[in-house]
Every structure is written in C-alpha cells, then in structure tokens.
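Chain and residue survey
Okay, here's what each chain looks like letter by letter:
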Amino acid sequence: MATYQEHYDQAKHNEEIADLLLNPKCCSHAWVTIITFYAALQFVEAAFTRTIVKHLEEYHTNLKKGKSEVPGKHTLMQQLIEADPRLRRFANEYRDLRIGSEASRYLKTGYSQYFNDDFVRRCFEVNLQKIKCELNREKLIDVV
Amino acid sequence: MNDQTLVNNSNQSSLSRTLSLITYLDKDIDEVAELSFESNKRFFYVVRSSKYKSEYEATKGIIKEYLMRTVINGKYMDIVTSEDETRWRQFTSMIMSDDELLIQSIEAFVSYEEICEIYYCIEESYVELFILLNNDSYNFELMHQLYNIERLVKRMWDGRFVEFHYAPEKYLDKKFLSNYHIVYKRG
C-alpha cells in the first residue's frame, strides 16, 4: 500500500505534467484533463491515509467481502468524498474532473469542442487548486 | 415502463421545490424530502442527526416560514420531522415502486432545458441513469446544480446502487445506449 508521501509525490508529479502541457498553450485537452484528474485523485488518496479510509484499494477489497455488488473504485472514491464533510466541499469540482477524464471513452471525435480550452483551464486552475486548498485547510495534506 | 417517454411538466416539480427548501434553509440539514401520499396534502420530512438537536426547533420554525411564503398549487401542507434516518428511508422505499422512484428521480432534472433525453437501466440492486445534454460546451454551474439533485435522488433509492452519467448528445454515439431504456425526451 502506498504511503501518504508516495501519493502526495505522485500527485505533485501529475500536477507538474498537466501544467507543462497546459501552459503557455494547451497542447492536449484530453491529456491535461486526465492528468489533472489523476493529480486530484492522488491528493485525495494521500488525504485518505489520514482518515479512517486509510487505503482506497484495501477499503474496496474489504467492501467486496460478502457482497455481490459493490461500486467500482472511482465511484467508491466519489461516495467517500461525498460522505466526509471535510471532503464534501469539493465533491462537485472532483466530479467535473472525473467526467472530463472519462469523456474520451464514449464520446465521438470532436468532443473537445464540448470539453474545450476553458474547461481544461478551469479544471486545472480552479478545481484542482480548490481540492488542494480544502485538503490543506483540513490538515489532510501538507501543501509544500 | 420500457421505452416510455414522459411529457414535460411545466409546473415546478416536488423535487425542485424540495431543493428550493434546502437552498432556502442553507443549514446543515442532513436530509429533506417531500413526500405526497394524499391528493390534497403534502408532507415535508426533515431528518436531522442528534448532534444538531439544539437547533432542531429553530429549523422547524424556518421551514414553517418557508411554507407560508410558498404557495404550492393551493394544497395543504404539513411538516413531519424525524431524527430517525432509518425510519424515513424505510418509509420511502415502502411507498414507492421502481417506476415511481424513476419518475421522481427524473422530475427535477427535466425542468432544465439543457437536458434533452434521459435513459435508464435497472438491474436488481443496480440503477443507472444516463442524461444527455444539448448545450454546446460544459457548463460548470449547471452541472453542479445537477450533481446536487443527483445526491438527493440517490438517497431515494436507499439500498440500491445508483449511478449517473452525463454526455453531450451531439458527441455521443447512441449505439452506446442500446442496453438502456428511454424515460424522457424533450419536445
């Protein structure tokens, strides 16, 4: 199981790559969105290590024991965010990132007009920053 | 209710009224739901956890004030408050069939003109709703409103696993929806 520091370092790494692809001019809407989402995911996973969830993977495995149907890990992550008052404040922003990163799976070519420049930039500059800020405020991550 | 298309109701829906109530209250209320099981009477259920017990009476007062300001088709209204979350949930699932829950689930969504089609799939304990949007680009403010409705709807299906998907109609290959049934189509 990854430690807090491993999740945090991976999140920072993803954030730096998204920044490189986004600035000064976005060279891939899809990749910036996907990497931004995974940066957020890693920040939240780092935060989980300081909550009763501890490790998402393990939590998911335990949930599956004795149950025929359990949500997928991404859906479980969303549920855990919404269930915790400290995390709930950025549930919508996290959902924006998740939808954007999933879109390429089932949308036809041209969808980047829907998830456009403004979408990508806001995801990175507003949503990801809000997630970090809230986690830091709750002392669930230490932004350095 | 396969392939049934609902007619859009221009009246404000009960679910959206409930959401208005929540917005109006803007407090740490655990759950609010409106259930109507008599033709001339509406009941608001407010569920609060015991940690907010001290604010409980104050909240009831705020709701009464809201109801006085809100005219809902001239119907009588009553407020039933409960601190017992489990009891309320059991009650909800007892009085509603899957079809009724589905109709209730989409009611607040269809008041948004950006929503053009809604598809669903129900398999035992798994419920999926696929919402198609007709706008040209992702609207953060709109989507956040829809996510808030979604949370309320999920609570109605207590014990069932409910998942929502959203996609722009223009860029979605409809073949992807071949296993879903349509429940709403605008126009």
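In this text, all values refer to a predicted model and were calculated from it rather than measured experimentally.

Broken down by element type, chain B carries five helices and seven strands. The N-to-C order of helical and strand elements in chain B reads α-β-β-α-β-α-α-β-β-α-β-β. In chain B, which comprises 187 residues, the proportion classed as buried is 25%.

Next up on the list: the sheet that holds strand 7 (residues 181-185) of chain B. All names here are of chain B. Taking strand neighbours across the sheet as the criterion, the four strands line up as 6-5-4-7 in an open arrangement whose pairing is mixed. The open sheet has two free edges, formed respectively by strand 6 (161-168) and strand 7, since each of these has just one partner strand. Geometrically, the sheet is characterised by an average inter-axis angle of 20° between neighbouring strands, direction not taken into account. Note: strand 4 (residues 115-123) against strand 7, four bridges, orientation antiparallel. Paired with Tyr 119 across the strands is Ile 182, a residue of strand 7.

Here we come to the pairing of strand 5 (residues 126-133) of chain B. All names here are of chain B. With six of its eight residues buried, strand 5 lies for the most part within the structure. Across eight bridges, the pairing between strand 4 and strand 5 is antiparallel. Bridging from a neighbouring strand, Ile 118 pairs with Ile 131 of strand 5. Between strand 4 and strand 5, which pair antiparallel in sequence order, lie two residues; one of them, Glu 124, sits at a positive phi of approximately 45°. Relative to strand 6, strand 5 is paired through eight bridges, and the arrangement is parallel. Counted as the bridge partner of Ile 131 is Tyr 166 from strand 6.

Our next topic: the confidence of the model for chain B. Should the pLDDT be low somewhere, the predicted coordinates at that spot are not to be read in detail. All names here are of chain B. Counting all residues, the mean pLDDT for chain B is 67, and 48% of those residues have values of 70 or more. Within the model, the stretch residues 33-43 combines pLDDT values under 50 with 24 contacts to residues more than four positions away or in other chains. Predicted complex, confidence summary: ipTM 0.92, pTM 0.74.

With that settled, the discussion passes to the environment of His 165 of chain B. Inspection of the secondary structure assignment puts His 165 of chain B in strand 6. Taking the C-alpha atoms as reference points, His 165 of chain B and Leu 129 of chain B, separated by 36 residues in sequence, lie 6.3 Å from one another.

Below, the discussion takes up helix 6 (residues 91-106) of chain A. In a regular helix each residue adds 1.5 Å, so 16 residues correspond to 22 Å; helix 6 of chain A covers 23 Å between its end C-alpha atoms and thus fits that length. Those residues of helix 6 of chain A that sit buried are Asn 92, Glu 93, Tyr 94, Arg 95, Asp 96, Leu 97, Ile 99, Gly 100, Ser 101 and Ala 103 of chain A. On its buried side, helix 6 of chain A packs onto helix 2 (29-48), helix 4 (73-83) and helix 7 (117-137) of chain A together with helix 5 (140-156) and strand 6 of chain B.

Taken residue by residue, the interface counts 18 residues in chain A and 18 residues in chain B. Counting residues per element, the ones that place at least two in the side of chain A that touches chain B are helix 4, helix 6 and helix 7 of chain A. The leading source of residues in the side of chain A that touches chain B is helix 6 of chain A, at five residues.

Before going further, it helps to spend a moment on unusual backbone geometry. Glycine aside, residues mostly have negative phi, and peptide bonds are mostly found in the trans state. Residues and elements named next belong to chain A. Cis geometry is found at the peptide bond from Asn 23 to Pro 24, where omega equals 5°. With respect to the element layout, Pro 24 can be found in the loop between helix 1 (4-22) and helix 2. Look at Lys 54: it is not a glycine, yet its phi comes out positive at around 65°. Within the secondary structure, Lys 54 sits in the loop between helix 2 and helix 3 (56-64). The backbone of Lys 139 sits at a positive phi, close to 60°, despite the residue not being glycine. Positionally, Lys 139 belongs in the segment after helix 7.

Let's shift gears to the packing of helix 6 of chain A against helix 5 of chain B. Between helix 6 of chain A and helix 5 of chain B, the shortest axis-to-axis distance is 10 Å and the interhelical angle comes to 110°. Relative to helix 5 of chain B, helix 6 of chain A is oriented roughly perpendicular. Handedness of the helix 6 of chain A/helix 5 of chain B crossing: right-handed. Residues Asn 92, Arg 95 and Asp 96 of chain A of helix 6 of chain A pack against Phe 140, Met 143, His 144 and Tyr 147 of chain B of helix 5 of chain B. For the contact of helix 6 of chain A with helix 5 of chain B, the class distribution of residues is three nonpolar, two polar and two charged.

Another aspect to go through is the nonpolar core. In this structure, Ala 40, Phe 43, Val 44 and Ala 47 of chain A together with Phe 109, Ile 118 and Ile 131 of chain B are the most contacted members of the largest nonpolar core, which totals 68 residues. Counting residues per element, this core draws most heavily on helix 2 of chain A, at 11 residues.

Helix packing for two helices is described by the angle between their axes and how far apart those axes are. Residue and element names in this part refer to chain A. Where helix 6 contacts helix 7, the two axes come as close as 9 Å, and the packing angle between them is 140°. The orientation of helix 6 relative to helix 7 falls into the category oblique. Remark: the crossing between helix 6 and helix 7 carries left-handed chirality. Here Glu 93, Tyr 94, Asp 96, Leu 97 and Gly 100 of helix 6 lie close against helix 7, whose contacting residues are Phe 119, Cys 123, Asn 127, Lys 130 and Ile 131. A breakdown of the residues in the contact of helix 6 with helix 7 according to their chemical character gives five nonpolar, two polar and three charged.

Calculation rules
- Residues numbered from 1 in each chain as written.
- Chains lettered and ligands numbered in written order.
- Predicted model: local features only at pLDDT ≥ 70, side-chain atom pairs only at ≥ 80, totals over all residues.
- Helix = DSSP H or I, 4+ residues; strand = E, 2+ residues; numbered from the N terminus.
- Buried ≥ 20, exposed ≤ 12 C-beta atoms within 10 Å, placed from the backbone.
- Pairing = 2+ DSSP bridges.
- Axes fitted to C-alpha atoms, helices over the stretch in contact; angles between N-to-C directions.
- pLDDT = per-residue confidence, 0-100.
- Contact = placed C-beta atoms within 7 Å.
- Expected span 1.5 Å × (residues − 1).
- Parallel < 35°, antiparallel > 145°, perpendicular 65-115°, else oblique.
- Left-handed = near helix turned anticlockwise from the far one by under 90°.
- Nonpolar A, V, L, I, M, F, W, Y, C, P; charged D, E, K, R; others polar.
- Core = buried A, V, L, I, M, F, W, Y, C linked by C-beta atoms within 7 Å.

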